[in-house]
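Single-letter residue listing:
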Amino acid sequence: MASLADDAAVRQTAPGHYQAHLSEDWSVWGPNGGYLAAIALRAAGEEAGAMLPVSLSCQFLAPPRYGEVDVEVTRVHGTRRAAALHVTLRQRGRILLAAYVWTIAAGLIGPERRWMPPPDLPKPDELPTLVELMRRDGLPVLPIWERCYEVRLAGWPAGGWQPQRDGVPTIRGWLRLHEELPADADPWLAAARLVFAVDVVQFPAVVQAFERTTFMAPSMDLYVGFQGGDDGTGWLLVEGEAAAATGGVLGARARVWSDSGLLLATGGQQMLYRMASPV
């Protein structure tokens, strides 16, 4: 099985400069956008030292190829309380991704409130896997679902998949990595898992609105805000909601909770509508 800890790892080549290897395991239409963003976040964490991740905002600028990428991290603002880092991923002279990452010092004092409770879902072991449902209904299964992560969905119709015609197209369920993070995962690796979860649940939410998925939707951007408290273990409860489809752009948002109901991350993205190439 694929390992996010290994496949999103970075190695330093010079001060502020790193290299990573894009693995084919994390492929959808190419390397998954959340996977690329996780690499950017890991590199930012190497530069941040003891500071903690607060948010990541990135732009996907060019399609990547599998293999080596160069990562550069620059500190653009900083105090003892908070700092902002700029991260770029480059490959063969092209910028693939540009991101800003906010960090904050550990141990700061402030109000402790979380206003978004999780949806009430059956436990993961009470739900079928996404792969089981797709195969049952004769739908194609992506290799990333089998090699990288497991999803157990709530609300899938017993008679087979049907588009959601009323209300906000929404997908809810549980997600975990097949190869779980090591027990001593640092906060940046734990946050990389959340980046992937926020990204990967949004396109499926948009798909709920359509009779057939005859299109692709490469990510144009991705925002993730971290609410803290994740130790990188256990199931994640994920919720994706479609926001709008206008002018060739698909918008969505996502929320992620721990298996104990603690809000861990929120996010959103815009995706570029593209008709799928005929087979």
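Now for a description of the structure that goes with this document. (Residues numbered from 1 in each chain as written. Predicted model: local features only at pLDDT ≥ 70, side-chain atom pairs only at ≥ 80, totals over all residues. Heavy atoms only, no water.)

Section: the overall build of the chain
- A tally of helices and strands in the chain yields 6 helices and 14 strands.
- Scaling as 2.2 N^0.38, a compact globule of 279 residues should have a C-alpha radius of gyration of about 19 Å, and the chain matches this with 18 Å.
- Taking the principal axes of the C-alpha coordinates as reference, the chain spans close to 55 × 45 × 35 Å.
- Across the 279 residues in the chain, those meeting the buried criterion constitute 51%.
- For the chain, long-range pairs separated by at least 24 residues make up 69% of all intrachain contacts whose partners lie at least 6 apart in sequence.
- Per element, the accessible surface of the chain, about 13700 Å² overall, is 52% carbon and sulfur. (Helix = DSSP H or I, 4+ residues; strand = E, 2+ residues; numbered from the N terminus. Rg over C-alpha atoms; globule rule 2.2 N^0.38 Å. Buried < 20%, exposed > 50% of the residue type's maximum accessible area, 1.4 Å probe, protein only. Contact = heavy atoms within 4.5 Å. Areas by Shrake-Rupley, 256 points an atom, 1.4 Å probe, with all protein chains shown as cover.)

Some words on the side chain of aspartate 230
- Mapped onto the elements, aspartate 230 comes out in the loop between strand S10 (221-226) and strand S11 (236-246).
- A distance of 2.9 Å separates polar atoms of two side chains, one belonging to aspartate 230 and the other to arginine 193.
- Here glycine 232 takes part through its backbone nitrogen, which lies 3.1 Å from a polar atom of the side chain of aspartate 230.
- Filtering out sequence-adjacent residues up to four positions away, aspartate 230 remains in contact with Ala190, Arg193, Leu194 and Leu264. (Polar contact = N/O pair within 3.5 Å; in protein donor to acceptor, adjacent residues only side chain to side chain.)

Examining the sheet that holds strand S12 (residues 249-258)
- What the 12 strands build is an open sheet, ordered S1-S2-S4-S5-S6-S3-S10-S13-S12-S11-S8-S7; its pairing is antiparallel. Sheet topology places strand S1 (11-14) and strand S7 (149-154) at the edges, where each strand pairs with a single neighbour. Across the sheet, the mean angle separating the axes of adjacent strands is 25° when strand polarity is ignored.
- In this sheet, S12 lies alongside S11 in antiparallel orientation, the contact comprising 10 bridges. What sits directly across from leucine 236, in S12, is serine 258.
- Its contacts with the sheet place helix H5 (residues 187-200) against strand S3 (52-60), strand S6 (94-104), S7, strand S8 (170-177), S10, S11, S12 and strand S13 (263-272), and it is angled at close to 130° to S10. (Pairing = 2+ DSSP bridges. Axes fitted to C-alpha atoms, helices over the stretch in contact; angles between N-to-C directions.)

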